[in-house]
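Next come the chains, spelled out residue by residue.
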Amino acid sequence: ALEAQRGLWAPRAEGDHAARQSRVPAGDSATAGYTLANLSLRRRFRAGAADGQWFIRADNIGDTLAYSASTVQTLRALSPLPARALKTGVRLDF
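Report follows, based on the coordinates. Because the structure is predicted, anything quoted here is derived from the model rather than measured.

1. Considerations on the sheet that holds strand β4 (residues 50–59)
- One open sheet accounts for five strands, arranged β1-β2-β3-β4-β5; its pairing is antiparallel. The open sheet is flanked by β1 (2–3) and β5 (85–93), the only strands paired with a single partner.

2. Here we look at the pairing of strand β3 (residues 34–47)
- Relative to β3, strand β2 (residues 9–18) is paired through 10 bridges, and the arrangement is antiparallel. Bridging across to β3, H17 finds its partner in T35.
- Two strands pair when backbone bridges link them, and β3 and β4 are joined in this way by nine bridges, in the antiparallel orientation. Each residue of the ladder has a partner; that of L41, found in β4, is I56.
- The hairpin formed by β3 and β4 contains two residues between the paired strands, and G48 there has a positive phi angle of roughly 65°.

3. Let's talk about the packing of aromatic side chains
- Counted according to the given criterion, the structure contains one aromatic pair.
- Note on W9 and W54: the rings are 6.4 Å apart at their centroids and 80° apart in plane angle, and the pair reads as edge-to-face. Here W54 lies in strand β4 and W9 lies in strand β2, a separation of 45 residues in the sequence.

4. What about a nonpolar patch on the surface?
- On the surface, V72, L75 and L78 cluster together into a nonpolar patch covering about 330 Å² of accessible area.
- Looking at the secondary structure, you find V72 in the loop between β4 and α1 (73–76).

5. Things to note about the side chain of S40
- Counting through the fold element by element, S40 comes out in strand β3.
- What makes S40 buried here is its relative accessible area of 19%.
- The residues contacting S40, other than those within four sequence positions of it, are A10, P11, R12, I56 and R57.

6. Overview of the side chain of N60
- Relative to the helices and strands, N60 is located in the loop between β4 and α1.
- Those residues in contact with N60, other than ones at most four positions away along the chain, are L36, A37, N38, P82, A83 and R84.

7. Quick word on the pairing of β4
- Across nine bridges, the pairing between β4 and β5 is antiparallel. Residue pairing for β5: D51 is matched across the bridge by D93.

8. Focus: the pattern of salt bridges
- Across all of its chains, the model carries nine salt bridges by this definition.
- A salt bridge links E3 to R12; the shortest N-O distance between them is 3.0 Å.
- The class for E3 is partly exposed, based on a relative accessible area of 39%.
- With a relative accessible area of 30%, R12 lands in the partly exposed category.
- A salt bridge links D51 to R46, with the shortest nitrogen-to-oxygen separation between them at 2.4 Å.
- Overall, the relative accessible area of 39% leaves D51 in the partly exposed class.
- Through salt bridges with shared partners, a single ionic network connects E3, R12, E14, R42, R57, D59 and K87.

Conventions we followed
Here, residues in each chain are numbered from 1, in the same order as that chain's written sequence. This being a predicted model, a pLDDT of at least 70 is required before a residue's local features are given, and a value of 80 or more before pairs of side-chain atoms are given or counted; all residues contribute to the totals for chains, interfaces and linings. The side-chain figures draw on all heavy atoms in the structure; neither hydrogens nor water molecules are used. At least two bridges found by DSSP between two strands is the condition for calling them paired. Secondary structure elements are defined from DSSP: runs of H or I of at least 4 residues count as helices, runs of E of at least 2 residues count as strands, and each element is numbered from the N terminus. Stacked, tilted and edge-to-face pairs are distinguished by plane angle, under 30 degrees for stacked and over 60 for edge-to-face with tilted covering the rest, among Phe, Tyr and Trp rings (Trp via its six-membered ring) whose centres lie within 6.5 Å. Patch rule: a residue counts if its relative accessible area is over 30% and it has no salt bridge; like charges are joined within 9 Å, and nonpolar side chains (Val, Leu, Ile, Met, Phe, Trp, Tyr) within 5 Å. Here, Shrake-Rupley sampling with a 1.4 Å probe gives the accessible areas, and only protein chains in the shown set may cover a residue. Just to be clear on terms, a salt bridge is a Lys or Arg side-chain nitrogen sitting within 4 Å of an Asp or Glu carboxyl oxygen. Think of it in three bands: with a 1.4 Å probe and only protein chains considered, a residue is buried below 20% of the maximum accessible area for its type, exposed above 50%, and partly exposed in between. In what follows, a contact means two residues having at least one pair of non-hydrogen atoms within 4.5 Å.

Nothing here speaks to function; it is all geometry.
This is the structure:
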């Protein structure tokens, strides 16, 4: 992950890579490798006596279709990793 902070703002970029899983038991099949990219931005603020943080996050920005090698083969095709997603929120610490 690569994160920077300038004043109240903090952008972040991260990648998640999994290599092809080809060492599998008999009866199972290899799982393709994948690389997922995520971006986020947060901003700190004060709300009265509380410290706050606003954030926005984009996961799997390339909308890569990926599967977990640890999922049982019969369910693997039915349960891919999450697709592109956008999240935003506010956190208050008091």
